[in-house]
Amino acid sequence: MPLQIAILAGGQSRRMGRDKALLNWRGQPLLAHMVATARAAGAAEVVISGDPAQYAAFGPCVPDQWPGCGPLGGIASVLRASASRATPSAAAPVDRAPVPRASSPPAPAQRPKAPPAALPCIANPPTVAAPRILVLACDLPGMTPAFLRWLWSQSVAGGWTVPVTPPDRLEPLCAVYAPALLPVMEAALAAGDYKITRVLAAAPQRRLMPEELAAAGFAPHIFRNCNSPADLAALGD
């Protein structure tokens, strides 16, 4: 099954003070680095969960249908877009405009109480209806292509596959999700519950425990994210 990766961008980045996806990481926007990591993993398709007006230069974009509802809204949007395509379609041309290098503060968003009735227009839409999708946060610069390939190889159909780091921390922003989870996610979003691990606690799942990660040669530091300028500086050391 071809590897499909969706990168979450467009969060509110309150502690960072600006859009994390557009921060400079070793000479390029952080989002560009994450897209390159996903492609190096061998992904058949890499899409961006976020506003096409901000991120279309990085690849195909799926707009967030639940803005202001955190990563759960972005994940549900990607799964809904994938589920809407029962068969492959011709890809729209991707605008390869110069990659933006300046960040701007995100606009305030209203939290919807119910999911939208129709799928909005998708810029440069994905071309494959995936049975499951690897979701990756845009602020994990230490993530490796090797881990993404291994995570995909361990994923299960119909539920979600999530790494666990010591002592017992689930990593839902580097995990694999099946479209079958969408009704549970949509119900939670309508109810105002946006915490991924709570929403999917009873869903079919496979947890990749710390000892499994260690045995496969992966260290917990690859999951370190950057929520503040100090975090980014530390990760760059």
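Everything numeric in this text was worked out from a predicted model, so none of it was measured.

**Student:** Quick one: what's the story with the environment of leucine 3, residue by residue and with numbers?
**Tutor:** Topologically, leucine 3 is positioned in the segment before β1 (4–8). Judged by relative accessible area, which is 7%, leucine 3 ranks as buried. When the C-alpha positions of leucine 3 and alanine 43 are compared, they lie 4.7 Å apart, and in sequence the two are 40 residues distant. Those residues in contact with leucine 3, other than ones at most four positions away along the chain, are Ala41, Gly42, Ala43, Ala44, Glu45, Leu134 and Trp152.

**Student:** A description of the pattern of salt bridges should follow, citing residues and the corresponding values.
**Tutor:** Using the criterion set out here, one finds 5 salt bridges in the structure. One salt bridge in this structure joins glutamate 186 and arginine 80, with 3.0 Å as the shortest N-O distance. Taken together, the positions of glutamate 186 in helix α5 (residues 182–191) and arginine 80 in helix α3 (residues 71–83) put the pair 106 residues apart, joining distant regions of the chain. The partner of aspartate 193 in a salt bridge is arginine 198, with the nearest N and O atoms 2.8 Å apart.

**Student:** Can you break down α3 residue by residue, with the values?
**Tutor:** If you check α3, its first and last C-alpha atoms are 18 Å apart, about what 13 residues at 1.5 Å a residue would give, namely 18 Å. The element α3 is largely enclosed, with a buried count of 11 among its 13 residues. Among the residues of α3, Leu72, Gly73, Gly74, Ile75, Ala76, Ser77, Val78, Leu79, Arg80, Ala81 and Ser82 are the ones counted as buried.

**Student:** Describe the state of the cysteines, naming the residues involved and giving the relevant values.
**Tutor:** Applying the stated criterion across every chain yields a total of 0 disulfides. Unpaired in terms of disulfides, cysteine 138 finds its nearest cysteine sulfur in cysteine 226, a separation of 7.4 Å. Judged by relative accessible area, cysteine 138 falls into the buried class, the value being 7%.

Rules used in this analysis
Residues numbered from 1 in each chain as written. Predicted model: local features only at pLDDT ≥ 70, side-chain atom pairs only at ≥ 80, totals over all residues. Heavy atoms only, no water. Helix = DSSP H or I, 4+ residues; strand = E, 2+ residues; numbered from the N terminus. Buried < 20%, exposed > 50% of the residue type's maximum accessible area, 1.4 Å probe, protein only. Contact = heavy atoms within 4.5 Å. Salt bridge = Lys/Arg side-chain N within 4 Å of Asp/Glu carboxyl O. Expected span 1.5 Å × (residues − 1). Disulfide = S-S within 2.5 Å.

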